[in-house]
Amino acid sequence: MAAVTRGSFAVFRQLVRKRLTSFYNIKLSEVVGSGRDGRILKEDILNFLAKQTGAIIPPTLFQEIQTPPSAAARPAGTTAVIGPPPFTPKPVFAGKDITEPLKGFHRAMVKTMTAALKIPHFGYCDEVDLSRLVALRAELRPAAEGRGVRLSYMPFFIKAASLGLLHFPILNSSLDESCQNITYKAAHNIGLAMDTAQGLLVPNLKNVQQLSVFDIAQELTRLQALGTAGQLGTHELSGGTFTLSNIGSIGGTYTKPVILPPEVAIGALGKIQVVPRFDAGGQLVRAHIMNVSWSADHRVIDGATMSRFSNRWREYLENPASMLLDLK
Ligand code: COA
């Protein structure tokens, strides 16, 4: 704060007040000022907001708003962002029971999940060190963005799964109703659990075995746009052969995924966390760790197969350059 003059601090305070009042739609005439000559301070606005919404504003937020981060504390090349505190909506009590019919995709979910109950699921979990992948994505991201496509981690997870399925095709199979025949699917139509405005939907990317990481990122962007617009159709939502669910993008670490029949396996990915680990030389290192939870149909998949597949998938992601050897 040493570099901030008295005048610029006053302008800053005014800006904070203005942002807070416009963001929360507060009329200043309703706020009682506790400053000199009844001046309204940012604390008065936050207290007013707290009384209106019942929210408790933590003291640290007062501090964050009062003190703009110094240039030295900010990442190079960024400017100070002065904004209102994150707003947590007040919980709502309905006051009465509400019953409504299940419609559309919710009805479909009841049907699919009831069918899934017939499958004897078995679970297998592991952790993956994504430190190298984190660095690789950071390197490739500008190039992908230069081609107009956002590159998240998902295209790498999907490609590694497809390469793993080439080694263990039974995980990309389906069992017939009478449990007499197993069909090994040629196409890797990898489904992706997607949190959309219509609820949980699982569109799939067709023929991932023929797609590059960039192609996958492009298709994922298309599917996400359709999901956001509520326009995912039968073509995108049918024909999946294997599924991944990234619960980590919402913030979860572990989950117990449910297989989507007629598929025989599904993987759920937790959030990538920076945690201490020991490297091969016994040195403590900063590692980007992600948990993976697999569920497989125990009628056709045994634990050893699931474990070998998971190891192969993990190895591709821990040493992403190794994927190059197997890419067509
Ligand atoms: N850990 C940490 N960060 C993650 C992450 C993870 N596991 N997964 C994604 N992220 C990051 C992304 O890299 C991105 O950050 P960036 O802007 O720096 O690239 C950010 O989180 C948002 O990613 P998102 O827009 O969600 O894209 P995605 O390609 O990673 O995921 C979907 C796409 C469709 C999987 C995701 O949007 C989604 O809907 N997830 C919820 C799935 C769900 O509901 N599963 C439960 C089924 S029961």
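The rules behind the values
- Residues numbered from 1 in each chain as written.
- Predicted model: local features only at pLDDT ≥ 70, side-chain atom pairs only at ≥ 80, totals over all residues.
- Heavy atoms only, no water.
- UniProt positions renumbered as here; feature names shortened; annotations may be inferred.
- Axes fitted to C-alpha atoms, helices over the stretch in contact; angles between N-to-C directions.
- Helix = DSSP H or I, 4+ residues; strand = E, 2+ residues; numbered from the N terminus.
- Parallel < 35°, antiparallel > 145°, perpendicular 65-115°, else oblique.
- Left-handed = near helix turned anticlockwise from the far one by under 90°.
- Contact = heavy atoms within 4.5 Å.
- Near = heavy atom within 4 Å.
- Polar contact = N/O pair within 3.5 Å; in protein donor to acceptor, adjacent residues only side chain to side chain.
- Areas by Shrake-Rupley, 256 points an atom, 1.4 Å probe, with all protein chains shown as cover.
- 1 Å grid on protein atoms, 1.4 Å probe; cavity = no way out; pocket = protein on both sides within 12 Å on 5 of 7 lines; lining within 4 Å.
- Sits in = over half its atoms within 2 Å of the grid points.
- Salt bridge = Lys/Arg side-chain N within 4 Å of Asp/Glu carboxyl O.
- Points joined across faces, edges and corners; volume = space filled by probe spheres on them.
- Nonpolar A, V, L, I, M, F, W, Y, C, P; charged D, E, K, R; others polar.
- Core = buried A, V, L, I, M, F, W, Y, C linked by side-chain atoms within 4.5 Å.
- Buried < 20%, exposed > 50% of the residue type's maximum accessible area, 1.4 Å probe, protein only.
- pLDDT = per-residue confidence, 0-100.
- Pairing = 2+ DSSP bridges.

Its UniProt record gives the protein a comment under Cofactor (unreviewed entry), which states: "(R)-lipoate". The Sequence similarities (unreviewed entry) comment attached to the protein in UniProt states, word for word, "Belongs to the 2-oxoacid dehydrogenase family."

(A) Spatial organisation of the packing of helix α6 (residues 154–167) against helix α9 (residues 303–318). Remark: α6 packs on α9, axes separated minimally by 9 Å, with the N-to-C direction vectors making an angle of 135°. One way to sum up the angle between α6 and α9 is to call them oblique. Read as a crossing pair, α6 and α9 show a hand that is right-handed. Contact residues: F156, F157, A160, A161, L163, G164, L165 and H167 in α6; F309, R312, W313, Y316 and L317 in α9.

(B) Inspection of the site of the ligand at higher detail. Taken together, 21 residues are adjacent to the ligand, and R137, S152, D195, N246 and I272 come closest. D195 is positioned such that a nitrogen or oxygen atom in its backbone is 2.9 Å from an oxygen atom of the ligand. Contacts to the ligand include S249, whose side-chain N or O atom sits 3.0 Å from a nitrogen atom. Expressed as a share of its isolated accessible area of 950 Å², the protein-covered part of the ligand is 74%. Using a 2 Å cut-off from the grid points, one finds that the ligand occupies the largest pocket. Elements represented by at least two residues in the shell around the ligand include exactly α5 (131–146), β5 (194–196), α7 (213–228) and β8 (242–246).

(C) Focus on the pattern of salt bridges. Per the stated rule, a full pass over the model turns up seven salt bridges. E127 serves as the salt-bridge partner of R277, at 2.9 Å between the closest nitrogen and oxygen. Taken together, the residues R277 in strand β10 (residues 273–278) and E127 in strand β1 (residues 121–129) connect sequence positions 150 residues apart. Where E219 meets R222, a salt bridge forms, and the shortest distance between an N and an O atom there is 2.9 Å. Residue E219 and its partner R222 are both found in helix α7; the two are separated by three residues, about one turn of the helix.

(D) How the structure looks around the layout of surface pockets. In this structure, the largest pocket occupies an estimated 1300 Å³ of space. Around the largest pocket sit 50 residues that line it, and L192, A193, M194, L201 and V202 are the ones nearest its centre. When contributions to the lining of the largest pocket are tallied by element, the ones reaching two or more residues are α4 (104–116), α6, β4 (190–192), β5, β6 (199–201), α7, β8 and β9 (265–269). Top element by residues in the lining of the largest pocket is α4. It accounts for five residues. Its residues assigned to classes, the lining of the largest pocket comprises 27 nonpolar, 18 polar and five charged. Surrounding the second largest pocket, 13 residues form its lining, L175, D176, E177, P261 and R299 being those nearest its centre.

(E) Layout of the nonpolar core. In this structure, F157, I158, L171, F242, W313 and L317 are the most contacted members of the largest nonpolar core, which totals 49 residues. With eight residues, α6 is the single largest residue contributor to this core. In this structure, I158 is in contact with I190, L192, L205, V208, I216 and L244, ignoring residues within four places of it in sequence.

(F) Quick peek at the confidence of the model for the protein. Of the residues in the protein, 77% reach a pLDDT of 70 or more, and the chain-wide mean stands at 85. When the criterion is pLDDT under 50, residues 1–9 qualifies, and its contacts beyond four places in sequence or with other chains add up to five contacts. Note that pLDDT drops below 50 for residues 55–81; the model gives that stretch 25 contacts with residues more than four away or on any other chain.

(G) Local environment of the pairing of strand β11 (residues 284–297). In terms of burial, β11 is largely enclosed, as 11 of its 14 residues are buried. Pairing of β1 with β11, which is carried by nine bridges, proceeds in the antiparallel orientation. Each residue of the ladder has a partner; that of D126, found in β11, is V292. The sheet contact formed by β10 and β11 spans six bridges and is antiparallel. In the strand pairing of β11, Q273 is matched with I289. Between the antiparallel neighbours β10 and β11 lie five residues, among them G282 with a positive phi of about 80°.

(H) Quick look at the pairing of β8. Burial within β8 is extensive, with four of its five residues counted as buried. By the bridge criterion, three bridges tie β4 to β8 in an arrangement that is parallel. Note that in β8 the partner of I190 across the bridge is F242. Note that β8 and β9 share four bridges and pair parallel. Bridging across to β9, L244 finds its partner in G267.

(I) Geometry of the side chain of Q209. As for its position among the elements, Q209 is in the loop between β7 (204–205) and α7. Within polar-contact distance, the side chain of Q209 engages the backbone nitrogen of H188 at 3.0 Å. Excluding its chain neighbours within four sequence positions, the residues that come into contact with Q209 are K159, S162, A186, A187 and H188.

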